[in-house]
Number of protein chains: 2
Amino acid sequence: MSKGNLLDAIIAQTKLTKKQTDKQQKIVETAIKLFAEKGYANTSTSEIAKAAMVAEGTIFRHYGTKDNLLLSVILPFIKDSIPTMAEEVFGEIMSKNIGCFEDFLRALLTNRIHFINENREIFQIVVKELLYSDELRKDLLPFFTKNILHQISKVINLYKKRGELIDIPSSTIQRMIFPLIGGYFVSRFVLQPDNLDLDEEAEIGNLIRFIMDGLRKE
Amino acid sequence: MSKGNLLDAIIAQTKLTKKQTDKQQKIVETAIKLFAEKGYANTSTSEIAKAAMVAEGTIFRHYGTKDNLLLSVILPFIKDSIPTMAEEVFGEIMSKNIGCFEDFLRALLTNRIHFINENREIFQIVVKELLYSDELRKDLLPFFTKNILHQISKVINLYKKRGELIDIPSSTIQRMIFPLIGGYFVSRFVLQPDNLDLDEEAEIGNLIRFIMDGLRKE
DNA sequence: ATAATAAATGAGTGATTACTCATTTGTAAG
DNA sequence: CTTACAAATGAGTAATCACTCATTTATTAT
């Protein structure tokens, strides 16, 4: 894993959008399914080949190594998730100066839940390997923090100036919100992925109320 | 993994407290270190043997299988963490009727952070494998929820009756607190385990204030 | 000291791993 | 139809995996 810089790999991946073969697509689909289900380390290439009804050599012809297959799966997800969030959510809020902090939170959560729902299995893979693989964590965590935390701190500072948020350091606020939202996503999409029958809006409403006002009565 | 019932295994483990050999202790120590660092699936028995300066056969003589070695590591931790929490924290609060909900939270968090700090590596193993292994998750999650959630809901109901907490369903409150505290523990002890220089009391104070009053000003 | 029992060893097992490569199959142009 | 080139194949490779077992070493009882 991790030959050189992951960011370079992401950029490289971005540039070449060469068309995929049918078999290639089948391989990636199957790999996503199996990696999400049993974890990268517990999934063998022969298993993927069999499930995708493809010769094992075909996998290595296209992806070279098993590591590379994993990166081919998660890099587009990472690459999409960060800029999309930055533009769609933060950009919108920061430029148009939309309503209150609650509205921002609602937009952010709705957007991210929607995105993860559409990439549920890849999200499971990223979470699992982020915890499991030292290498991946060392590469990805700084990437996340640099891109997301920076954006979030800007927003927090904005709303703090508006007087909507309590007057404690942004870093402290971040260290509360991040585990909460991250924990919520992991709990919902990784630990209990079968829990499909819940009122989406109500769920988000509860989260926001909790973040804003906590549990105390009155 | 998971021959039959995990709870039976826990009970069985509880009963036999036969003394450990020096080599056995070294094996477990080394296994804990390597499992926490690289994950169970990425750690081979030969690697453990070499690092523990023990013949590979010795591992299997004592633990039979690699799965069993993992269970020997995490079961005592699980077995300790649940009852200890129930007795030391919940028992105390429920019987003596200590102060307000914030005091309960402070006692709970202080107690659990202390416990995890003393078993940092095993906590890392449990979290990683809980996410990575379907089998373990199927066995452990119900065990956690049955024991912990039930206790917590009793406490929540108590303080709700006292009028200290907002009047929403206990299950909703749980689905907010659990990911928050769990996410905080994972973030602190698994994702950023090197962050040792923080003011423990202030950190707990921030968490409690966030849980009680959220982020809104005033 | 001797016998009896338990602990530890390490070479060896078949199965599985990620990966290679000479060969065959499909496809599209001249 | 023939040529050219990429896609796909699957038998084969060395390495590593979890695990076994006959043998040796250490410990305890008599």
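Within an unreviewed UniProt entry, the label attached to chain A reads TetR family transcriptional regulator, and the organism entered is Peribacillus loiseleuriae.

Novice: How should the overall build of chain A be read in this particular structure?
Specialist: The secondary structure content of chain A amounts to ten helices and zero strands. Sequence-ordered secondary structure for chain A, helices as α and strands as β, is α-α-α-α-α-α-α-α-α-α. Taken across its 218 residues, chain A has 47% of its residues classed as buried. Put simply, of all contacts in chain A between residues at least 6 apart along the chain, 70% involve residues at least 24 apart.

Novice: Is there a simple way to explain the interface of chain A and chain B in this structure?
Specialist: Interfaces are often described in size by the accessible area the parts lose on coming together. Taken together, the contact pairs 46 residues of chain A with 46 residues of chain B. Around 4400 Å² of area is buried between chain A and chain B when both sides are counted, 62% of it from carbon and sulfur atoms. If you sort the residues of chain A by the area they bury against chain B, Leu131, Tyr132 and Leu215 of chain A come out on top, with a joint share of 20%. Linking chain A to chain B there are six salt bridges. For the salt bridge of aspartate 213 of chain A with arginine 216 of chain B, the shortest nitrogen-to-oxygen distance reads 2.7 Å. For the interface between chain A and chain B, the tally reads 22 residue pairs in polar contact (both at pLDDT 80 or more). Of all the secondary-structure elements, those providing two or more residues to the side of chain A that touches chain B are helix H2 (22-38), helix H6 (101-118), helix H7 (120-132), helix H8 (134-161), helix H9 (170-191) and helix H10 (200-213) of chain A. For the side of chain A that touches chain B, the element with the highest residue contribution is H9 of chain A, accounting for 13 residues. For the side of chain A that touches chain B, the class distribution of residues is 24 nonpolar, eight polar and 14 charged.

Novice: How do you make sense of the nonpolar core when you look at a structure like this?
Specialist: Looking at soluble globular proteins, one finds that nonpolar side chains tend to be buried together. Among the nonpolar cores identified, the biggest contains 140 residues, and Ile74, Phe101, Phe185 and Leu215 of chain A together with Ile74, Phe101 and Phe185 of chain B are the most heavily contacted of them. If we skip the residues at most four places from it in the chain, phenylalanine 101 of chain A touches Val155, Tyr159, Glu164, Leu165, Ile177 and Met212 of chain A together with Leu215 of chain B.

Novice: What's the story with the protein's contact with DNA strand D in this structure? I'm lost.
Specialist: Near DNA strand D you find 17 residues, and of these Thr21, Lys23, Thr58 and His62 of chain A together with Lys66 of chain B are the closest. Considering the 4 Å shell around the protein, atoms of DNA strand D inside it are sugar or phosphate in 68% of instances. With respect to DNA strand D, the side chain of histidine 62 of chain A contributes an N or O atom lying 2.7 Å from a phosphate oxygen. Threonine 45 of chain B has a polar backbone atom sitting 2.9 Å from a phosphate oxygen of DNA strand D. Contributing elements (two or more residues each) for the surface near DNA strand D: helix H4 (56-63) of chain A together with helix H3 (45-52) and helix H4 (56-63) of chain B.

Novice: Explain H10 of chain A to me, please; I cannot follow it from the model alone.
Specialist: An α-helical turn contains 3.6 residues, so any two residues separated by three or four positions project in the same direction. In this model, H10 of chain A (14 residues) spans 20 Å end to end at C-alpha, consistent with the 20 Å of a helix rising 1.5 Å per residue. Among all positions in H10 of chain A, only Glu203, Ile204, Asn206, Leu207, Ile208, Phe210, Ile211 and Met212 of chain A are buried. Those residues of H10 of chain A hidden inside the fold are in contact with H6 and H9 of chain A together with helix H9 (170-191) and helix H10 (200-213) of chain B. Two or three places before glutamate 201 of chain A, at the start of H10 of chain A, stands the capping residue aspartate 199 of chain A, its side-chain oxygen 3.3 Å from that residue's backbone nitrogen. Looking one or two residues beyond H10 of chain A, the residue adopting positive phi is glycine 214 of chain A, at roughly 70°.

Novice: What am I meant to see in the protein's contact with DNA strand C here?
Specialist: Around DNA strand C there are 17 residues in total, and Lys66 of chain A together with Thr21, Lys23, Thr58 and His62 of chain B lie nearest to it. Backbone sugar and phosphate groups make up 65% of those atoms of DNA strand C lying within 4 Å of the protein. Here a phosphate oxygen of DNA strand C and a backbone polar atom of threonine 45 of chain A are 2.9 Å apart. Lysine 23 of chain B has a polar side-chain atom sitting 3.0 Å from a phosphate oxygen of DNA strand C. Going through the elements one at a time, helix H3 (45-51) and H4 of chain A together with H4 of chain B are the ones with two or more residues in the surface near DNA strand C. In terms of residue count, the dominant contributor to the surface near DNA strand C is H4 of chain B (four residues). Partitioning the surface near DNA strand C into residue classes produces three nonpolar, ten polar and four charged.

The rules we used
Residues numbered from 1 in each chain as written. Chains lettered and ligands numbered in written order. Predicted model: local features only at pLDDT ≥ 70, side-chain atom pairs only at ≥ 80, totals over all residues. Heavy atoms only, no water. Helix = DSSP H or I, 4+ residues; strand = E, 2+ residues; numbered from the N terminus. Buried < 20%, exposed > 50% of the residue type's maximum accessible area, 1.4 Å probe, protein only. Contact = heavy atoms within 4.5 Å. Buried area = accessible area lost by both parts, 1.4 Å probe. Salt bridge = Lys/Arg side-chain N within 4 Å of Asp/Glu carboxyl O. Polar contact = N/O pair within 3.5 Å; in protein donor to acceptor, adjacent residues only side chain to side chain. Nonpolar A, V, L, I, M, F, W, Y, C, P; charged D, E, K, R; others polar. Core = buried A, V, L, I, M, F, W, Y, C linked by side-chain atoms within 4.5 Å. Near = heavy atom within 4 Å. Expected span 1.5 Å × (residues − 1).

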